[in-house]
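Structure assessment
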Amino acid sequence: MTGPSTTGEHVDVDVIRDVAVLTLDRPEKLNALDVATRLRLAELIRGHGAGDTVRGIVLTGRGRAFSAGEDLTQVPTTESEVRQAFESFHDITRAILATRVPVVAAVNGLAVGGASEITLSCDARIGTPATEYFQPENARGLTISNATSLLLPRLVGNNAMRMVLASPRISADEALRIGLLDEVVEADGLVDRAIGTVHAWTPDGGTTALHLALLRPLAAEVEAAFAREDAAAHESWTSGLLTAGVAGYWKARETTT
């Protein structure tokens, strides 16, 4: 069964075969996430996450990117804005981990920074040959968020240190090898495969919601990770590293365009 589509704050919503498909829809900006979009995404996840109307949720992007992450055209200019930026990312993680239905990331292309981190809190990550992960924060004066300090090592072990500190681009094949992706499929079958995963994980009369609560990280662990990440962001801001790093990013962009 396919339900009506809705749009808002660069997120399209389609209900396909009783699964809510949330599509980041800002392809001209590689689906970069501003604060309003992040707040809207968390709201939609909570709205569908109770399991009253859908069997699960699929997150994906339109175009060649899942998302380029933080919208650096709207970089925080005050410490209050830094806190708001981090909280809006953290809120997506909270929303995903509180659902009573499976949440599957259909990572259709490039997943950068905070957007790649969003996929870590999902219950499965399915990619295509074009999927690529990239954590550029270390060289940009930024710090990781979304409980990545907890969730990334949980998935990829010691590879987490290399991913964050060296910022290599992680191809689909490597992501599959290290456990960052669960499966790689052809692009034209990506969303259908994600929907199929939701159906396979939600048998009629099953105890999916109970098992999700058992298998996901504890809320106290997640909140402790948020606190550590917030403290790191505060230090990056007060030291001037964040401002200098973002300025350096834009200067480098100017010299290559």
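A brief look at the structure comes next. As the structure is a computational prediction, the values presented were derived from the model and not from experiment. (Residues numbered from 1 in each chain as written. Predicted model: local features only at pLDDT ≥ 70, side-chain atom pairs only at ≥ 80, totals over all residues. Heavy atoms only, no water.)

**Some remarks on the overall build of the chain**
If you tally the helices and strands in the chain, you get 10 helices and 11 strands. A principal-axis box enclosing the C-alpha atoms of the chain has dimensions of 55 × 40 × 35 Å. When each of the 257 residues of the chain is scored for burial, the buried share is 51%. Put simply, of all contacts in the chain between residues at least 6 apart along the chain, 72% involve residues at least 24 apart. (Helix = DSSP H or I, 4+ residues; strand = E, 2+ residues; numbered from the N terminus. Buried < 20%, exposed > 50% of the residue type's maximum accessible area, 1.4 Å probe, protein only. Contact = heavy atoms within 4.5 Å.)

**Here we look at the side chain of Ser67**
For Ser67, the location among the structural elements is in strand E5 (residues 65-67). On the accessibility criterion, Ser67 (0% relative accessible area) is buried. For Ser67, the contacting residues outside a window of four places in its chain are Leu24, Leu30, Asn31, Ala32, Leu33, Leu110, Ala111, Val112 and Ala115.

**Some points on the sheet that holds strand E10 (residues 169-171)**
Reading across from one edge, E5-E7-E9-E10 is the order of the 4 strands in this open sheet, with mixed pairing throughout. Only two strands of the sheet have a single neighbouring strand rather than two, namely E5 and E10. The mean angle between the axes of side-by-side strands here comes to 20 degrees, regardless of whether they run parallel or antiparallel. Where strand E7 (residues 110-112) lies against strand E9 (residues 132-134), 3 bridges are found, and the strand directions are parallel. Residue pairing for E9: Val112 is matched across the bridge by Phe134. This element, helix H3 (residues 113-120), spans E5, E7 and E9 of the sheet and lies at about 100 degrees to E7. (Pairing = 2+ DSSP bridges. Axes fitted to C-alpha atoms, helices over the stretch in contact; angles between N-to-C directions.)

**Some details on the pairing of strand E6 (residues 103-107)**
Among the 5 residues of E6, 5 are classified as buried, and the element is accordingly described as predominantly covered. Every second residue of E6 is oriented toward a common face, with Val103, Ala105 and Val107 on one face and Val104 and Ala106 on the other, all of them buried. Note that E6 and strand E8 (residues 124-127) share 4 bridges and pair parallel. Each bridged residue has a counterpart across the sheet, and for Ala105 the counterpart in E8 is Arg125.

**Section: the pairing of strand E2 (residues 11-16)**
Of all 6 residues in E2, 5 are buried; the element is thus mostly enclosed. Pairing of E2 with strand E3 (residues 19-24) involves 6 bridges; the strand directions are antiparallel. Along E3, the bridge assignment pairs Asp14 with Val21. In textbook terms, the turn of a hairpin is the stretch between consecutive antiparallel strands, and for E2 and E3 this stretch comprises 2 residues, one of which, Arg17, has a positive phi near 50 degrees.

**Here's the deal with the packing of aromatic side chains**
The tally for this structure, following the rule as stated, stands at 0 aromatic pairs. Geometry around Phe89 places Arg38 over its ring, the cationic atom sitting 4.0 Å from the centre. If you follow Arg169 out to its NZ or CZ, it ends over the ring of Phe134, 4.3 Å from the centre. (Phe/Tyr/Trp six-rings, centres within 6.5 Å; stacked < 30°, edge-to-face > 60°. Lys NZ or Arg CZ within 6 Å of the ring centre and 35° of its normal.)

**Let's talk about the packing of helix H1 (residues 35-49) against helix H2 (residues 79-97)**
Orientation of H1 relative to H2, taken along the N-to-C sense of each, is 20 degrees, at an axis distance of 9 Å. In terms of orientation, H1 lies roughly parallel with respect to H2. By crossing handedness, the relation of H1 to H2 is classed as left-handed. Residues Val35, Arg38, Leu39, Leu41, Ala42, Ile45 and Arg46 of H1 form the contact with H2, whose own contacting residues are Gln84, Ala85, Ser88, Phe89, Asp91, Ile92, Arg94, Ala95 and Ile96. Grouping the amino acids of the contact of H1 with H2 by side-chain chemistry returns 10 nonpolar, 2 polar and 4 charged. (Parallel < 35°, antiparallel > 145°, perpendicular 65-115°, else oblique. Left-handed = near helix turned anticlockwise from the far one by under 90°. Nonpolar A, V, L, I, M, F, W, Y, C, P; charged D, E, K, R; others polar.)

**Structural notes on the nonpolar core**
Ranked by internal contacts, the top residues of the largest apolar core, which has 48 residues, are Leu22, Ile45, Leu59 and Leu180. Looking at which element gives the most residues to this core, the answer is H2, with 5 residues. Setting aside residues up to four positions removed in sequence, Leu22 forms contacts with Val11, Asp12, Val13, Leu41, Leu44, Ile45, His48, Ile57, Val58, Leu59 and Thr60. Formed by 12 residues, the second largest nonpolar core is a distinct cluster that contains Val19, Ile126, Leu190 and Ile195. (Core = buried A, V, L, I, M, F, W, Y, C linked by side-chain atoms within 4.5 Å.)

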